[in-house]
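Listed below, chain by chain, are the residues.
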Amino acid sequence: SAKSASLWTDLCALPDGIETTVGERGIMLSGGQRQRVSLARGLHRSYDLLLLDDVISAVDHETERRLINTIRATGSSDDSKTQTRPTTIIVSHRISALAHADMILVLDNGKLIATGDHQTLSVLEGPYREALLHQSGKENSED
């Protein structure tokens, strides 16, 4: 799980490796390292439901890409007749983390205002499209 959460290199660099005491609430770790430790813990066991709350907000884009691929692969099943696919819920403001989701729920002030996949929501006027344009640097360009 540490390797799949892009944490292995960081663990090897710690004074006592995986046995290093990192302090209360991981005080010795960066925000991104704490997020990856949480993800590794979540992926360590099989699950029916995995809830990830902004698990990639403190990582660089390359690490984000690897983590999203790991999360997607972990939820896949090779034999759909014998296993049900686990559910993963990702809470995020990063559109890139949501782009491959089967279903996206858009909330505004605690109210559900839109649902759909990335392709559907990216063309609808509203907060999802605005965030997509802002994060891609296209918010002031013509369509």
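Here's what I pulled together on the structure shown here. (Residues numbered from 1 in each chain as written. Predicted model: local features only at pLDDT ≥ 70, side-chain atom pairs only at ≥ 80, totals over all residues. Heavy atoms only, no water.)

1. Details of the side chain of Glu-64
When you line up the elements, Glu-64 lands in helix α3 (residues 61–74). Dropping the residues within four chain positions of it, Glu-64 is found in contact with Ile-56, Val-59, Arg-94, Ser-96 and Ala-97. (Helix = DSSP H or I, 4+ residues; strand = E, 2+ residues; numbered from the N terminus. Contact = heavy atoms within 4.5 Å.)

2. Quick word on the pairing of strand β3 (residues 104–108)
Pairing of β3 with strand β4 (residues 111–116), which is carried by 5 bridges, proceeds in the antiparallel orientation. Looking at the pairing, Val-106 lines up with Ala-114 of β4. Between β3 and β4, which follow one another and run antiparallel, lie 2 residues, and Asn-109 among them has a positive phi close to 50 degrees. (Pairing = 2+ DSSP bridges.)

3. Looking at helix α6 (residues 127–136)
Taken together, the buried positions of α6 are occupied by Tyr-128, Arg-129 and Leu-133. For α6, the angular spread of buried residues about the axis comes to 130 degrees, placing them on one side. Opposite its buried face, α6 presents the exposed residues Glu-130 and His-134, each directed more than 90 degrees away. Gly-137 sits one or two residues past α6 and shows a positive phi near 75 degrees. (Buried < 20%, exposed > 50% of the residue type's maximum accessible area, 1.4 Å probe, protein only. Arc of directions from axis to C-beta.)

4. Here's the deal with the pattern of salt bridges
This structure, assessed with the given rule, holds 5 salt bridges. A salt bridge links Arg-36 to Asp-10; its shortest N-O distance comes to 2.6 Å. Of this pair, Arg-36 sits in helix α2 (residues 31–43) while Asp-10 sits in helix α1 (residues 8–13); the two residues are 26 residues apart in sequence, bridging distant segments of the chain. Classification of Arg-36 as buried rests on a relative accessible area of 10%. What makes Asp-10 partly exposed here is its relative accessible area of 23%. Across the salt bridge formed by Glu-64 and Arg-94, the nearest N and O atoms sit 2.3 Å from each other. Of this pair, Glu-64 sits in helix α3 while Arg-94 sits in the loop between β2 (87–91) and α4 (95–98), and the two are 30 residues apart along the sequence. Judged by its relative accessible area of 19%, Arg-94 is buried. Beyond isolated ion pairs, a larger network of salt bridges with shared partners links Glu-62, Arg-65 and Arg-66. (Salt bridge = Lys/Arg side-chain N within 4 Å of Asp/Glu carboxyl O.)

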